[in-house]
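Chain residues, written in single-letter form:
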Amino acid sequence: MSFQLTAGSCEKLQGASQGDSSVLESSHTIQFLSIKKVNNPSNNAPSVDRYRIIISDGIHFIQAMLATQLNQMVNDGQITRHTVAVLEKATCNTVQNKKLIIVLSLRVLGQTSEKIGDPKNLDAEAQGSRQEAIPDASSAITADAPAPAPQKPAPAITRPQAAQAGRGRSSVYPIEGLSPYQNNWTIKARVTQKSEMKTWSNQRGEGKLFNVTLMDETGEIRATAFNMVADDLYPLLEEGKVYFISKARVNLAKKKFSNLSNDYELSLEKNTEIEECHDTTNLPVMKFNFVPLSGLNDTPKDSTCDVIGVVKEFSPVTEITSKSTQRQIPKRELTLVDKSQFAVRLTLWGKQAEQYNAEPNAVIAFKGVRVGDFGGRSLSMVASSTMHVNPDIQECFDLRGWYDSQGANENFHAHSNLNAATSMGFNREELRSLDDVKQAQYGLPDRPEYFSTRATIMHIKSDNLSYPACPNQGCNKKVVDLNDGWRCEKCSQSFATPEHRYIMSMSVADHSGQAWLQGFNEVGTMVFGMTANELLEIKERDEAQFNVVLHKAICNTYNFSCRAKQDTYNENTRIRYGISRIYKLDYKEEALQLRDLLYSSWAR
């Protein structure tokens, strides 16, 4: 396949200034001549992979850098030497007094076996130096392309309409280019999240602080103000508005307090300058990297992600008591659904829970919510999370149209307590005998592991088969008998009768051995073929009939998806095997599986 490069692109890019959208945001078909990782050699800052590249338009070549959000394209092999791509968006920086292009967005077209044309070094021509062709890859970055000093590229982007700032600042830096080694910089950023004013107290004294998340087209960074500075700046910064910010200190990020990917954060000080940007052009817009709800099982627990969904249901505000502070914390639970046919519960906390007033079935985009494993997969807002009701983005329009036309009448899958491999059903690849599970010491030490097994029920503990639960949908908390009714502390409601839910412990066996499995309501309903309320009624009415039901439940074989985890109870440590899913045997399917197994063994 032949490609036509955009002649003159290197010269246009090298001569462009920030705000020149006719060059920096137009398409340029270029070829990669060299890609080299440049690591930060400093021990005082974390090593950040940066890729220095040489790009060619067939006539000239220039040096450039890939924005870090494009690193994955290099890691995945999409971009290599001689790759041809369309450069769709870039920005300009200055490194060691040399203009440098940072590529923000590109689209790969294909690959060639060699370079196209006979490009010359544009910088060498500009200096009146001897023209020379591009060196081979082994020497593409030498003295002509020195690695930067121990810092991220120090960008200096000409700021359009400098008088706008009112303070004579002449350059705007991208957030991605900030590092502790730079002093004179100004960023133009949107406040995407603003925390409440918080107080702290320890042995060194007391104080207050608040933080904001700042975003531009290259990335995000967290900024924090303390004490008197916090009092001064708190009313100045508002969510959603864009500001010019300068004279803040750049520090290494404290990852325990932030889920942003930036290795640095800002400390706002008394001499920090902040000015609202009233210019309506080239403003940073919120960027999302949405994960479909069906893909949450592939997202690690305690990580953060962006999701968008329709709020199918929402609960009233309830309160829980914090174990550490004993304070009452408001919470509200939303049920989100999307086109992947999955539903997930998302929890709002504090003022977000109290002030939630979105219309029914609103489309909401969430940025930076934490992934939990309660009920398989759940989501929770954290301090740095943001919520955007009916955002003006294409994903919102698509979801709205889908839900109004068909989604409102569809049934949705719930996430179960499985890992990604078993999230959609019984995973035969993870099929293990009970002895294999024990010998492999699944669940040790302190790391839950998942497996599938096929076993026969040998015995079911008949005492404490169920517990009285709150009948409100989605609650399932144990209720307390107050003689005149049953009280749910979570929902702050009383009920005439509870809804009993199964909590089972049963011994199962296969050809290799025996094990105790624990299961809940879904398991009990399948094993007994009735609800816990119905079984309890039989027990209270006729003990003999109850024993018949128990007897019929044993000696039946099922496929189980299980979770092994170590826990400690009364100072005794043991491995518990919890049933995530239970499946009746489909004998036709089992026979076909045995046939395929025999055939594969014969073929070998």
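Reading the values: rules and limits
Think of each chain on its own: its residues are numbered from 1, step by step along the sequence as written. In keeping with the model being predicted, local features are shown solely for residues with a pLDDT of at least 70 and side-chain atom pairs are shown and tallied solely at 80 or more, while totals for entire chains, interfaces and linings include all residues. Think of the side-chain values as coming from all heavy atoms in the structure, minus any hydrogens and water. For the purposes of this entry, the term helix denotes a DSSP run of H or I that reaches at least four residues, the term strand denotes a run of E that reaches at least two, and both are numbered from the N terminus. Working definition: with a 1.4 Å probe on protein chains only, accessible area under 20% of the residue-type maximum means buried, over 50% means exposed, and in between means partly exposed. The criterion used for residue contact is that any of the two residues' heavy atoms lie within 4.5 Å. The protein chains shown are the only cover counted for residues, whose accessible areas, like all others here, come from Shrake-Rupley with a 1.4 Å probe. Only buried Ala, Val, Leu, Ile, Met, Phe, Trp, Tyr and Cys residues count toward a nonpolar core, and they belong to the same one when joined by side-chain atoms within 4.5 Å. Site definitions follow a grid-based scheme: protein atoms alone, a 1 Å grid, a 1.4 Å probe that fits but cannot get out for cavities, and for pockets an open set with protein on both sides within 12 Å along at least five of seven lines, plus lining residues having an atom within 4 Å of a point. Grid points are joined across faces, edges and corners, and a volume is the space filled by probe spheres set on the points. Note on residue classes: Ala, Val, Leu, Ile, Met, Phe, Trp, Tyr, Cys and Pro are nonpolar, Asp, Glu, Lys and Arg are charged, and everything else, Gly too, is polar. Axis geometry follows a simple rule: fit a line to the C-alpha atoms, using only the stretch in contact for helices, then measure angles between N-to-C directions, giving values from 0 to 180 degrees. Oblique is the label for every angle not falling under 35 degrees (roughly parallel), over 145 degrees (roughly antiparallel), or within 65 to 115 degrees (roughly perpendicular). Strand pairing is defined by DSSP finding a minimum of two bridges between the two strands. Pairing of aromatic rings covers Phe, Tyr and Trp, the last counted by its six-membered ring, and requires centre-to-centre distances within 6.5 Å; plane angles under 30 degrees mean stacked, over 60 mean edge-to-face, and any other angle means tilted. The rule is short: NZ of Lys or CZ of Arg within 6 Å of the ring centre and within 35 degrees of the ring normal puts a charge over the ring. For the charge count, each Lys or Arg is scored as positive and each Asp or Glu as negative, with His and the chain ends excluded. Any Lys or Arg side-chain nitrogen located within 4 Å of an Asp or Glu carboxyl oxygen qualifies as a salt bridge. Identification of polar contacts relies on pairs of N or O atoms within 3.5 Å, with a donor-acceptor requirement for protein atoms, meaning one able to donate a hydrogen and the other able to accept it, and with residues adjacent in sequence counted only if both atoms are side-chain atoms. Per-residue confidence from the predictor is reported as pLDDT, which spans 0 to 100.

Summing up its helical and strand segments, the protein has 12 helices and 34 strands in all. The burial tally for the protein puts 47% of its 604 residues in the buried class. Put simply, of all contacts in the protein between residues at least 6 apart along the chain, 63% involve residues at least 24 apart. Counting only carbon and sulfur atoms, one obtains 48% of the accessible surface of the protein, whose full area is about 31,300 Å².

Attention shifts here to the nonpolar core. Formed by 32 residues in total, the largest nonpolar core has its most connected members in Ile460, Met504, Met506, Val527, Phe528 and Phe560. Excluding anything up to four places from it in sequence, Val527 contacts Ile457, Ile460, Met504, Ala553, Tyr558 and Ile582.

Turning to empty space enclosed by the protein, a few remarks are in order. Counted under the stated rule, the structure contains two cavities of 30 Å³ or more. Looking at the second largest cavity, its volume works out to about 30 Å³. Counting only elements with at least two residues in the lining of the second largest cavity, the list comes to helix H8 (434-439) and strand S32 (513-519). In terms of residues, the lining of the second largest cavity owes the most to one element, H8, which gives three residues. Looking at the lining of the second largest cavity residue by residue, the classes come out as six nonpolar, no polar and one charged.

Below, the discussion takes up the packing of helix H10 (residues 532-541) against helix H11 (residues 543-553). In contact at an axis separation of 5 Å, H10 and H11 are set at 135° when each is read in the N-to-C sense. By the angle between their axes, H10 is oblique relative to H11. Taking contact as the criterion, the partners of Leu535, Ile538, Lys539 and Arg541 in H10 are, on H11, Glu543, Gln545, Phe546 and Val549. Tallied by class, residues from the contact of H10 with H11 come to four nonpolar, one polar and three charged.

What follows concerns the sheet that holds strand S29 (residues 493-495). In any sheet, the strands associate via hydrogen bonds between backbone groups, in a parallel or an antiparallel arrangement. Strand order in the open sheet formed by three strands is S27-S28-S29, with antiparallel pairing between adjacent strands. With partners counted over all chains shown, the strands left at the sheet margins are strand S27 (480-481) and S29, one partner each. Pairing analysis gives two bridges linking S27 to strand S28 (residues 486-488), with the strands arranged antiparallel. By the bridge assignment for S28, Val480 is matched with Arg487.

Aromatic ring pairs are described here by two measures, namely the spacing of the ring centres and the angle between the planes. Tallied over the full model, the rule gives nine aromatic pairs. When the ring of Phe451 is compared with that of Tyr577, the centres are 6.0 Å apart and the planes differ by 85°; the resulting orientation is edge-to-face. With Phe451 in strand S25 (residues 449-460) and Tyr577 in strand S34 (residues 572-584), the pair connects residues that are 126 residues apart, well separated along the chain. Connected via pairs of aromatic rings, a cluster forms that spans Trp402, Tyr403 and Phe412. Between Lys194 and the ring centre of Tyr234, over which it is positioned, the NZ or CZ distance is 3.8 Å. Lys461 extends its terminal NZ or CZ atom over the ring of Trp516, reaching a point 5.1 Å from the ring centre.

This brings us to unusual backbone geometry. You will see that His82, though not glycine, has its phi angle at about 75°, which is positive. Unlike most non-glycine residues, Asn361 shows phi in positive territory, near 60°. You can see Asn361 is positioned in the loop between helix H6 (350-354) and strand S21 (363-372).

Examined against the element boundaries, Thr531 turns out to sit in the loop between helix H9 (521-528) and H10. Judged by relative accessible area, Thr531 falls into the partly exposed class, the value being 36%. Between the alpha carbons of Thr531 and Arg501 there is a distance of 7.7 Å; along the sequence they are 30 residues apart.

With that settled, consider the side chain of Asp57. Counting through the fold element by element, Asp57 comes out in the loop between strand S2 (50-56) and strand S3 (60-66). Comment: no salt bridge for buried Asp57; closest opposite-charge side chain is Lys12, at 8.9 Å. A distance of 3.0 Å separates a polar side-chain atom of Asp57 from the backbone nitrogen of Ser9. Ignoring sequence-local partners within four residues, the contact set of Asp57 consists of Leu5, Thr6, Ala7, Gly8, Ser9, Cys10 and Glu11.

On to the sheet that holds S32. In spatial order, the strands read S25-S31-S32-S34-S33; together these five strands close into a barrel with mixed pairing. Neighbour-to-neighbour, the strand axes of the sheet open up by a mean angle of 60°, direction not taken into account. In the packing of H9 onto the sheet, contacts are made with S25, strand S31 (504-510), S32, strand S33 (557-569) and S34, and the angle to S34 comes to roughly 55°.

Time to look at the confidence of the model for the protein. Averaged over all residues, the pLDDT of the protein equals 81, while 83% of them reach at least 70. For residues 129-170, every residue scores under 50 in pLDDT, and the model assigns this stretch 116 contacts once sequence neighbours within four places are set aside. For the stretch residues 417-424, pLDDT sits under 50, and the model shows 22 contacts to residues farther than four places along the chain or on other chains.

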